[in-house]
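# Fold and geometry: a report
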4 protein chains.
Amino acid sequence: MPISTQQFASDNYAGACPEALDAMLAANSGSATAYGEDEWTQRAADNFRTLFGGDAEVFFVFNGTAANSLALAALCQSYHSVICSAAAHVETDECGAPEFFSNGSKLLAAPSADGKLTPEAIRQLATSRSDIHFPKPRVVTITQPTETGLVYTVDEVRAISAVCRELGLKLHMDGARFAHACASLGCDPAEISWKAGVDVLCFGGTKNGMAVGEAVIFFDRALAQDFDYRCKQAGQLASKMRFLSAPWIGLLESGAWLRNARHGNDCARRLAAAIADLPDVNPIFPVEANALFLSAPAPVLDALRARGWRFYTFIGGGARFMFAWDAQVERVDELARDIREACLAIAA
Amino acid sequence: MPISTQQFASDNYAGACPEALDAMLAANSGSATAYGEDEWTQRAADNFRTLFGGDAEVFFVFNGTAANSLALAALCQSYHSVICSAAAHVETDECGAPEFFSNGSKLLAAPSADGKLTPEAIRQLATSRSDIHFPKPRVVTITQPTETGLVYTVDEVRAISAVCRELGLKLHMDGARFAHACASLGCDPAEISWKAGVDVLCFGGTKNGMAVGEAVIFFDRALAQDFDYRCKQAGQLASKMRFLSAPWIGLLESGAWLRNARHGNDCARRLAAAIADLPDVNPIFPVEANALFLSAPAPVLDALRARGWRFYTFIGGGARFMFAWDAQVERVDELARDIREACLAIAA
Amino acid sequence: MPISTQQFASDNYAGACPEALDAMLAANSGSATAYGEDEWTQRAADNFRTLFGGDAEVFFVFNGTAANSLALAALCQSYHSVICSAAAHVETDECGAPEFFSNGSKLLAAPSADGKLTPEAIRQLATSRSDIHFPKPRVVTITQPTETGLVYTVDEVRAISAVCRELGLKLHMDGARFAHACASLGCDPAEISWKAGVDVLCFGGTKNGMAVGEAVIFFDRALAQDFDYRCKQAGQLASKMRFLSAPWIGLLESGAWLRNARHGNDCARRLAAAIADLPDVNPIFPVEANALFLSAPAPVLDALRARGWRFYTFIGGGARFMFAWDAQVERVDELARDIREACLAIAA
Amino acid sequence: MPISTQQFASDNYAGACPEALDAMLAANSGSATAYGEDEWTQRAADNFRTLFGGDAEVFFVFNGTAANSLALAALCQSYHSVICSAAAHVETDECGAPEFFSNGSKLLAAPSADGKLTPEAIRQLATSRSDIHFPKPRVVTITQPTETGLVYTVDEVRAISAVCRELGLKLHMDGARFAHACASLGCDPAEISWKAGVDVLCFGGTKNGMAVGEAVIFFDRALAQDFDYRCKQAGQLASKMRFLSAPWIGLLESGAWLRNARHGNDCARRLAAAIADLPDVNPIFPVEANALFLSAPAPVLDALRARGWRFYTFIGGGARFMFAWDAQVERVDELARDIREACLAIAA
C-alpha cells in the first residue's frame, strides 16, 4: 500500500498478514468435514496446546465480542456479576453483549485511573455486598494489555488471581492483544496466563494479523463443559471451520503471532521516542504495548487532522495511535514529523 | 483436488470458490475503516440492491445460525412464536439458537410430508390459539429451497405471503441456498423474495461458495431499525468487515453466485438421471435444487460406505448427497457407477 | 356462595380455603423481617420437610409458571433441552415461559395419547440426537397428575426416574395438583417424589386451596445452589414473604392440603358415577384425580351451556370439569342431572 | 401488636392494612373466572383510571422487581440502555432483574449526591455515545420518592420529561412509594405522572399497605401492546387474580392509599422534629416522604441497637428509619426518646 495512506487510528484498520492468509489458502483444498471435524482445526488447537504447554481446551469463534461474552457466560449464571475495570472493553464497547449472552449478568466496574484492575478494587467490589438483592460476584475479567495500552506484569496477574482464589472467583483474561503483552514482557505465554492463575483466556487473532477469528482457551477443562453447544447456539460455530482455524496455524507455526506483536509494540515506542523531546505533547500512559495515547493541545490535533491523519480521542481527550503488524516505519516517522511540525507551528 | 477424495455429504465440505477468494484478497490492501465503514462493504450492499432491484437494507454476518436467529429476533418479542415446517433447519439443527437470540420465542413446527410449509398449515397453527397462555404467532419462516431440496414456486411463496398478510404475520425466508432456488426457477431474485411478499431474506454465502458469511436483507427498511446494534450486541459485527463483505462482490459482480448454484443443481440432476433406471434406488423427493435424497436398500448403502462414500441418512433413512460449486462431474459419475454396481450386486 | 352459581370450568375459579386464609391472617401481626427471614417462612419450610421426611430445600414463589420455569432453569443451561409430554402445561400453556427463564432451552415434546410420558418416549427423545446442532437433553418433566387427570403410579415414576438416571437426566415434577395425586394413590408424598427419584418438585398451592403461591422443593440440595438469587432476579421473591408462606402452614398443619385434594377427587368420581349409565356421554380419560373429561354429543354440550354451565373443550372436543376444594356436592349433583336431562332430550 | 416490638427498619416489615385485607376477603366468594377476567380486577383497573383521570392500561403483578423490570423490558430491546440514578433500586437492589427481563439492556447509572436524577445528568449520559458499540439510550427511570426519601416536584418531573422528549427517550417512574410522593406534594396523582410526561408508572402496593402486589400503569396505551403476554411469559400472571386486584379496591375506594402514605410521612417528620434539637444527630437528607436517614455517632447507633432497635446503615453510614401505614405514634416517640438518651449518654 502507498505509505501516505496508512492510518493508525485502530489496529482493526489493518488487513490480514501473509502468514495467516497463506495458511487459509492452503486449507482451501478438497473436501473437509464441516464444523471443526477437520485436520486444520485439530492442528491449530494442538498448536495452542504446544504454545501454552498444557492440556487446554481450545475453541475458535468469529470475533472478540463473542469470545469474551461466551467465555463469561460459561462462567456465570444470569444472577452472577463480573468484576472489571471501568475502562474494560466489555463494559464500554460491547453494546451490552456480556449481559446479552449471559441473560443478565451484571458488570461491576471499578473506577481506575490507568485502566488497570487491582486486587484491592476486586476485593472491595466483591465484598461490598453479600445479599441476594445484588448479583453474586463470580468472575473477574482483566484485559491484557489494557485498553490504555498497559501490560499487567506476571506478578500483577498473580496477585489478582490470588485474591480471586481467596474469594471464590474465576479469572478471565480478555487477550484481544495478548500477543502484544507477551512481546512486551518477553515472557512465555503460559507465565501470564494459566501459570499465573488465569482460568480462561480469549486470545485475539484479528488484532494479531488475522482477517477474522479469536480463540477461547480453557486452561481448566472442567469449565469448558458443553462450550461447543454454547458456541453453536450463539451463532459462533463456523460450518467451514477450517477457514477460521487454519490462519492460526500460519500465525503460530511461523512465529508471526509474536513477530507481528513485537512490530506493533516497536512502532509505538518508536513514535514515542521520536517526539519525546517535544514539551507540548506527552504520553498519557506509559507505552507498554502497541498503543500511544498522546495528550496534545487542540491546535496540534487539528493540524494533524488537516494533514489527513485519523485518530480517536475518546480517552482523556488525547489522540490514540495504534500500530498493527503492517505499520510502515516510514509512515510512523511521517507521523512523528507531522506532530513535531504541528508543535512548532503553535509555538511560533 | 484429486477426484477420488471428493465427498458429497454436505455442501459445507466444499472450500471457497475463486471469485470469492480473489475478491477477499483484493480487499486486503491498505488501511480500511473497521466495522463496515469501508468501500467494499458499501459496494457489496449496493450489489445486493442492484440484484434485487430495490432499496433494501443489507447486513453481513458470520453464519446462518446467526443470520436467521437475528432476523427472527428482530421481528419477534420473547412472547411471540414463529411458524415453521417441522423439517426447518431453525427447528432441527440450530441447538435452540432462535429461542436464545429472541430470549424465548417459541417455534411452532407444522408437520410436513415433504418439508414444505403450506398456507393451510400456517393458518391452522396461527389460529389454533389466541389466548395469552400461548405465544402469539408473529412470523412465518420458510426455507428456500427446503431442507429436502424442494423449491417453492413464485406462486407458492405468494400464497404463503397472502395468508401472512391476512393474519398479520411477517414472512422470513431462510435462504441458506437461495441462489439454488433462483437457478432452479430461472427467475429473478426479486420475484421469489420481496415481490412475492418476503419481508426479510437471509441470503446464504457459505453454501454459495464463500469461506464464511451470510447476508441479511430487509426489504422493509422499517424492520431493520437498529439491526446494526442487534448484530453488534450478539457478536456478529466483524471488525475487519471487508473480509466478510468483499467476497460477495466477487460472487455477485462475476455472476458466480448463480453459476455456482446452477452447477450444484446440475450435478444433483445428473446423478438422478444416471441412476433413474435402477429399480432399487429412488429419489425420496423430486430433485429441484442441489440435493438428492436417495432411498436405497441397506446393502446398497453399506456397499457405498465400503467404497469410501460419506453421506448422512437422517431423513427418511435414505442417503443425502449435496452438490456444491466445486462438485467434479467425474466424481458425480463415479458415484453413479458405484450406486449402479452396488444395486447389481444385491440383485445378483 | 349460592349453589346455582358455582362453576367447574377450572380449579382456579375457586377462592382460598379457610385454613389458608386463617393462617395468612394470623401472620398479619406485628413487624416481620422481609424477604423470608421470618418465623412463618421458616415454619412453612419445616412443615414441608416434615411432610416429606427429608432434608429438602424449600422456596416459595408466586405462581406455577414461575415455579416450573425457575426449577427447569436451575437444572438447564440455555443449550439444554427438556423432555416433556406434548400435553404438558409447560409446553401448551405457559407462553414460552420455560424458554424465557432459561434463555432458550428447548422443550422436546413427546406425542402422547393420554398425556402421560413413558420411559420409552423419554429414551427415544433423549437418544435420537447427540450432536451439537441439537439442544442437549438434560431434564425430564412430568406432571403429576397429568393435564388429562391421570396419576402416575409409584412404579411408573420409578421407571421414569430409572431411565433418567441411566441417561444422565434430572427429573422434575410439575405438581400443580400434587396433593390430588397423593390423595388418589393414598401414598406418602415421599413415595412418589424423592423416594421414586424425583429431583425437584413444584408443589401447587393455588389449586390446593391457597389464594396465591407455589412451593419449589429441591430434594437434592446441591441443585438448589443460589436458587434464592435466581428467584430474586426473576421477580419471584416476595418482600412480605409471610403472606406467601403462612398459608402453607394452614394447609399442611391442619391436613387441609390432603382433605381439599380428596374432596376434589371425590367430586370428580361422584359426577362420573352419576352419569356412568348414560350411553351418550363417556369419560375420555379414567378419572384418577379431580378432573372429568367428558366426550358428549354437541347438542348435549350446547344444552349444558344453555343452562349456564361453563367448561372448556380444548382436549379432544370433550368438556372438562375440574373440582376444587370448594366444590359443592349439591352442585355436582345438579350438573349430573343437567347432563342426564340433556342426554334424554337428544335421545327423544 | 405490642408497641415495644414494632420496628422501623423497613416498610416491608409491616403487615397488610385492614382496607386491603377486607377487600381481599370480600373477593373470596364464589367462583370467579381466572387470570383477571373477573369483576374485581376490572373494578380495580377502573379505580386507577378514575384516580388518574385518564384512559390508562393497568396491569397487576406480584412485586416491584417484576413491575419495574417488565415495564422497562416493554420499552427496551436488548441492545438499549436505561438511564437511572446510581442510587436507583433497579441498579442497586434488584440482582440484575432489569437486565434479565430485557435480555441484556444495560443500566447507565448517573452519580448523584442525593439520589435524584437531573435533566443535566440525563443529557450527559444520553449523548455521550452514539455509536453501535454502546447500548442505545432508550428509557429514563426515576424513583418517586427516591431511595433517599426525596420527592421530585412537579416541575422537576416536567423538566426531566422535557429532556426525554427532546432526546427521544421514554420516561418510566418507579413508584414503589408513589402514594407517599402524592401525600407529600399534596397534588393530584395525574400531576406528577402522565400530566408531567411520565409514560409508565409502577404504583407500589406492598409499601402502601397491601400484602402483595403492584400495579403497572401505561398512560400511553400503545406502549402496553401485548404487555399481558409479557406478564404471562414472565411468571407474573396470577391465576386467582382477584386476590391481587381486590386489595387495590380496598385501598383506592376507601382513600386508604393516601391515608396510609400520609401517616408514614407524618411519622418520619414527627421523629425528625422530636430530635431536631440534638446536635449529634442530623438528617442526611431532607424528610420529604416516609424515611428518615440519620447521621449519628457510632456509640449512639450502638446504644440504639442495644435497646433492640433494628435499622440499616447502607446509605452514608447513617441509620435509616422507614415508617409504614402501621407505625405506632407511641413507638415513634419511644424511638425519639431512645435517640435522645443515647445522645445524652455519649455527651456525658
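Residues numbered from 1 in each chain as written. Chains lettered and ligands numbered in written order. Predicted model: local features only at pLDDT ≥ 70, side-chain atom pairs only at ≥ 80, totals over all residues. Heavy atoms only, no water.

### Observations regarding the state of the cysteines
Residue and element names in this part refer to chain B. In the structure shown here, the tally under the stated rule is zero disulfides over all chains. Here Cys231 stays free of any disulfide, with the sulfur of Cys202 as its closest cysteine sulfur at 10 Å. With relative accessibility at 3%, the residue Cys231 sits in the buried group. (Disulfide = S-S within 2.5 Å. Buried < 20%, exposed > 50% of the residue type's maximum accessible area, 1.4 Å probe, protein only.)

### What about the pattern of salt bridges?
Taken as a whole and judged by the stated rule, the model has 100 salt bridges over all chains. When the shortest N-O distance is used, the salt bridge between Asp11 of chain B and Arg177 of chain B registers 2.6 Å. With Asp11 of chain B in the segment before helix 1 (18-27) and Arg177 of chain B in the loop between strand 5 (170-175) and helix 8 (178-185), this residue pair connects regions lying 166 residues apart in the sequence. Residue Arg129 of chain B is joined to Asp93 of chain C by a salt bridge in which the shortest nitrogen-to-oxygen separation is 2.9 Å. In this pair, Arg129 of chain B is assigned in the loop between helix 6 (119-127) and strand 4 (136-143) and Asp93 of chain C in the loop between helix 4 (89-92) and helix 5 (97-102), connecting two distinct chains. You can call Arg129 of chain B partly exposed: its relative accessible area is 22%. Each of Asp155, Arg158, Glu191 and Lys195 of chain A takes part in one network of salt bridges that share partners. (Salt bridge = Lys/Arg side-chain N within 4 Å of Asp/Glu carboxyl O. Helix = DSSP H or I, 4+ residues; strand = E, 2+ residues; numbered from the N terminus.)

### What to know about the domain arrangement of chain A
Residue and element names in this part refer to chain A. The assigned domain composition of chain A is domain 1 (3-14 + 257-347) and domain 2 (18-255). The interface is formed by 21 residues belonging to domain 1 together with 27 residues belonging to domain 2. Summed over both sides, the interface of domain 1 with domain 2 buries roughly 2,000 Å², with 55% coming from carbon and sulfur. Contact with domain 2 buries area across many residues of domain 1, yet Trp257, Arg259 and Glu288 alone supply 38% of it, more than any other trio. Seen at the junction of domain 1 and domain 2, the total is two salt bridges. Here Arg259 and Glu19 are joined by a salt bridge, their closest N and O atoms 3.1 Å apart. At the boundary of domain 1 with domain 2, the tally comes to 14 residue pairs in polar contact (both at pLDDT 80 or more). Where the side of domain 1 that touches domain 2 is concerned, the elements lending two or more residues are helix 11 (256-274), strand 9 (291-295) and strand 10 (319-322). Sort the elements by how many residues they give to the side of domain 1 that touches domain 2 and helix 11 lands first, with seven residues. Classifying every residue of the side of domain 1 that touches domain 2 gives twelve nonpolar, four polar and five charged. (Domains from an automatic or database assignment. Contact = heavy atoms within 4.5 Å. Buried area = accessible area lost by both parts, 1.4 Å probe. Polar contact = N/O pair within 3.5 Å; in protein donor to acceptor, adjacent residues only side chain to side chain. Nonpolar A, V, L, I, M, F, W, Y, C, P; charged D, E, K, R; others polar.)

### Side note on the sheet that holds strand 1 (residues 57-61) of chain B
Sheets are built from strands paired through backbone hydrogen bonds, the pairs being either parallel or antiparallel. All names here are of chain B. Read from one edge to the other, the open sheet built from seven strands follows the order 1-7-6-5-4-2-3, with strand pairing classed as mixed. The sheet terminates laterally at strand 1 and strand 3 (106-110), the two strands that pair on one side only. The mean inter-strand angle of the sheet, taken between neighbouring strand axes irrespective of direction, is 20°. Of the pairings in the sheet, the one linking strand 2 (residues 80-85) to strand 3 comprises five bridges and is parallel in character. What sits directly across from Ser85, in strand 3, is Ala110. (Pairing = 2+ DSSP bridges. Axes fitted to C-alpha atoms, helices over the stretch in contact; angles between N-to-C directions.)

### Description of the pairing of strand 6 (residues 200-204) of chain C
Residues and elements named next belong to chain C. For strand 6, a buried count of five out of five residues is recorded, marking the element as mostly surrounded by other parts of the structure. Here strand 6 shows no split at all, with Val200, Cys202 and Gly204 on one side and Leu201 and Phe203 on the other all buried. As paired elements, strand 5 (residues 170-175) and strand 6 share four bridges and run parallel to each other. Bridge pairing links Gly175 to Phe203 in strand 6. Note on the crossover from strand 5 through helix 8 (residues 178-185) to strand 6: the handedness is right-handed. Looking at chain direction, strand 6 and strand 7 (residues 214-218) are connected through five bridges and run antiparallel. Bridge pairing in strand 7 places Cys202 opposite Val216. (Right-handed = clockwise from strand over helix to strand, strands pointing away.)

### Quick word on the relation of the copies chain B and chain A
Structural alignment of chain B on chain A gives an RMSD of 0.0 Å, achieved by rotating through 180° and translating 0.0 Å along the axis. Read as a symmetry element, the transformation amounts to a two-fold axis. It is Phe62 of chain B whose C-alpha, among those of chain B, lies nearest the rotation axis, at 3.5 Å. By residue overlap, the copies meet face to face through one surface: 100% of the interface positions of chain B are interface positions in chain A. (Least-squares fit on C-alpha atoms with pLDDT ≥ 70 in both.)

### As for the interface of chain C and chain D
Of the residues lining the interface, 49 residues belong to chain C; the matching set on chain D comes to 49 residues. For the pairing of chain C and chain D, the buried interface totals around 4,100 Å² over both sides, and the portion due to carbon and sulfur atoms is 56%. At the junction of chain C and chain D, the tally comes to two salt bridges. We note a salt bridge from Lys232 of chain C to Glu94 of chain D, for which the minimum N-O separation is 3.0 Å. Remark: the boundary between chain C and chain D carries 37 residue pairs in polar contact (both at pLDDT 80 or more). For the side of chain C that touches chain D, the secondary-structure elements that each account for two or more residues are helix 1 (18-27), helix 3 (64-75), helix 5, helix 9 (227-233) and helix 10 (242-254) of chain C.

### So, the sheet that holds strand 8 (residues 282-283) of chain D
Residue and element names in this part refer to chain D. Ordered in space as 8-9-10, the three strands form an open sheet in which the pairing is antiparallel. In this open sheet, the two strands that pair with only one neighbour each are strand 8 and strand 10 (319-322). In this structure, strand 8 lies alongside strand 9 (residues 291-295), joined through two bridges in antiparallel fashion. From the neighbouring strand, Pro283 faces strand 9, where its bridge partner is Leu294.

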